[in-house]
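A look at the structure
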Amino acid sequence: MSARSIGLTDALYDYLLRNSLREPAVLAELRAETAAMPDGGMQISPEQGQFMRLLVRLTGARRCVEVGTFTGYSALSVALALPDDGRLVCCDVSEDFTSVARRYWAKAGVADKVELRLAPALESLDALIKEGGAGQYDLAFVDADKKNYDGYYERCLTLLRAGGLLLVDNVLWDGAVADPKNNDKQTIAIRRLNAKMQQDERIDVSMLPVGDGLTLARKR
Ligand code: CA
């Protein structure tokens with residue numbers, strides 16, 4: 001016993017899933033299809049998807065933005081939790097991966113809640129700001145290429161209303177952030193943003209060992 005977050009053994013992780021996971025069939029199907037694809041490991045874990053659905057409901061979010069959609073598991077999780085008039089803007093560059101996502105959004109009956117923008121995400125986020133989106137979003141999820149994390153963070157912070165929730169994924173980066181010998185560009189970018197967010201007076205913040213590390217920040 002110790003007063004710190006724990007690492008999960010396989011047996012304990014299995015217990016967690018068996019005693020908490022509620023995964024709608026359409027999400028389970030998408031997860032299985034994605035897992036069989038190259039890069040399938042990039043999709044978020046099912047318990048993280050469930051946590052995000054809970055966060056959407058807890059915050060009463062109606063307007064959301066996602067940076068990095070891949071095959072759409074996190075977006076489908078958010079869209080399923082949104083009210084009927086809720087909207088999610090998804091930013092990604094891959095036609096291939098997002099074609100899987102679109103197929104499942106349609107299958108789940110949430111396609112009309114999701115707007116996919118296929119362009120470099122910095123451009124899409126700048127366009128949203130230009131279109132009057134600043135201060136209009138309730139929830140943002142950042143999970144794209146790590147080198148641009150700071151740029152995504154700043155833009156999402158602009159898009160969020162005061163009290164809005166920002167989620168940043170992969171903040172523990174499979175442990176690489178704590179390995180001083182690891183200085184690849186992605187690791188450095190994540191480390192920099194983690195350090196910046198800890199000190200950032202514009203947000204309330206908490207870094208959680210969910211999935212590959214998930215930071216929650218509330219815009220002040
Ligand atoms: Ca991720």
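In this report, we go over the structure that sits alongside the text.

Conventions and cut-offs
Residues numbered from 1 in each chain as written. Predicted model: local features only at pLDDT ≥ 70, side-chain atom pairs only at ≥ 80, totals over all residues. Heavy atoms only, no water. Pairing = 2+ DSSP bridges. Helix = DSSP H or I, 4+ residues; strand = E, 2+ residues; numbered from the N terminus. Right-handed = clockwise from strand over helix to strand, strands pointing away. Core = buried A, V, L, I, M, F, W, Y, C linked by side-chain atoms within 4.5 Å. Buried < 20%, exposed > 50% of the residue type's maximum accessible area, 1.4 Å probe, protein only. Contact = heavy atoms within 4.5 Å. Axes fitted to C-alpha atoms, helices over the stretch in contact; angles between N-to-C directions. Left-handed = near helix turned anticlockwise from the far one by under 90°. Nonpolar A, V, L, I, M, F, W, Y, C, P; charged D, E, K, R; others polar. Polar contact = N/O pair within 3.5 Å; in protein donor to acceptor, adjacent residues only side chain to side chain. Donors = N, O, S within 2.8 Å, 3.2 Å for Na, K, Ca; no water. Parallel < 35°, antiparallel > 145°, perpendicular 65-115°, else oblique.

1. What about the pairing of strand 3 (residues 114-118)?
One ladder, built from 5 bridges, connects strand 2 (residues 87-92) with strand 3; its direction is parallel. Counted as the bridge partner of cysteine 91 is arginine 117 from strand 3. Traced from strand 2 through helix 5 (residues 95-107) to strand 3, the parallel crossover comes out right-handed.

2. Comments concerning the nonpolar core
With 30 residues, the main nonpolar core has Leu76, Trp105 and Leu167 as its most contacted residues. Secondary structure elements with two or more residues in this core: helix 2 (25-35), helix 3 (46-59), helix 4 (73-81), strand 2, helix 5, strand 4 (137-142), strand 5 (160-169) and strand 7 (214-219). The element that contributes the greatest number of residues to this core is helix 4, accounting for 6 residues. Once residues within four sequence positions are removed from consideration, leucine 167 is found in contact with Met52, Leu55, Leu139, Ala140, Phe141, Val142, Leu214, Thr215 and Leu216. Within the second largest apolar cluster, 27 residues are counted, among which are Cys91, Ala140, Tyr152 and Leu159.

3. Brief notes about the packing of helix 3 against helix 4
In a packed pair of helices, the relevant descriptors are the angle between the two axes and the axis-to-axis distance. Two elements in contact, helix 3 and helix 4, have axes separated by 8 Å at closest approach and are oriented at 35 degrees. Two packed elements cross with a definite hand, and for helix 3 against helix 4 that hand is right-handed. In this structure, helix 3 uses Pro46, Gly49, Met52, Arg53, Val56 and Arg57 to contact helix 4, whose residues at the interface are Tyr73, Ser74, Ser77, Val78, Leu80 and Ala81. For the contact of helix 3 with helix 4, the per-class residue count stands at 7 nonpolar, 3 polar and 2 charged.

4. A short note on the side chain of threonine 98
Of note, threonine 98 is situated in helix 5. Looking at threonine 98, the relative accessible area reads 0%, which means it is buried. A polar atom in the side chain of threonine 98 sits 2.6 Å from the backbone oxygen of serine 94. Reaching out from threonine 98, the side chain makes a polar contact with the backbone oxygen of glutamate 95 at a distance of 3.3 Å. In this structure, threonine 98 is in contact with Thr69, Phe70, Asp92, Leu116 and Leu118, ignoring residues within four places of it in sequence.

5. Description of the environment of proline 24
Mapped onto the elements, proline 24 comes out in the loop between helix 1 (10-20) and helix 2. A relative accessible area of 32% means that proline 24 is categorised as partly exposed. Filtering out sequence-adjacent residues up to four positions away, proline 24 remains in contact with Arg53 and Leu80.

6. Focus on the pairing of strand 5
Across the 10 residues that make up strand 5, a large majority, 7, are buried. Examined bridge by bridge, strand 4 and strand 5 share 5 bridges and lie parallel to one another. In the sheet register, tyrosine 137 faces strand 5, and the bridge partner there is leucine 160. Read from strand 4 through helix 7 (residues 149-159) to strand 5, the crossover connection turns out right-handed. Pairing of strand 5 with strand 7, which is carried by 5 bridges, proceeds in the antiparallel orientation. Bridge assignment links leucine 167 to a residue of strand 7, and that residue is leucine 216.

7. Some thoughts on the coordination of the calcium ion
Every protein donor of the calcium ion is accounted for by Asp143 (OD), Asp143 (OD), Asp169 (OD) and Asn170 (OD1), and the metal-donor separations fall at 2.2 to 2.7 Å. Summarised as a motif, the one-chain spacing of the donors to the calcium ion is D-x25-D-N. No difference in accessibility class separates aspartate 169 from asparagine 170, as the two residues are buried.

8. Focus: the packing of helix 1 against helix 3
Relative to each other, helix 1 and helix 3 sit at 40 degrees, their axes nearing to 11 Å. Comparing their axes, helix 3 and helix 1 come out oblique. When the axes of helix 1 and helix 3 are compared, the crossing they make is left-handed. Here helix 1 contributes Tyr13, Leu16, Leu17 and Ser20 to the contact with helix 3, which in turn contributes Pro46, Glu47 and Gln50. For the contact of helix 1 with helix 3, the residue count by class is 4 nonpolar, 2 polar and 1 charged.

Everything listed here is a matter of coordinates, which is why it stays silent on function.
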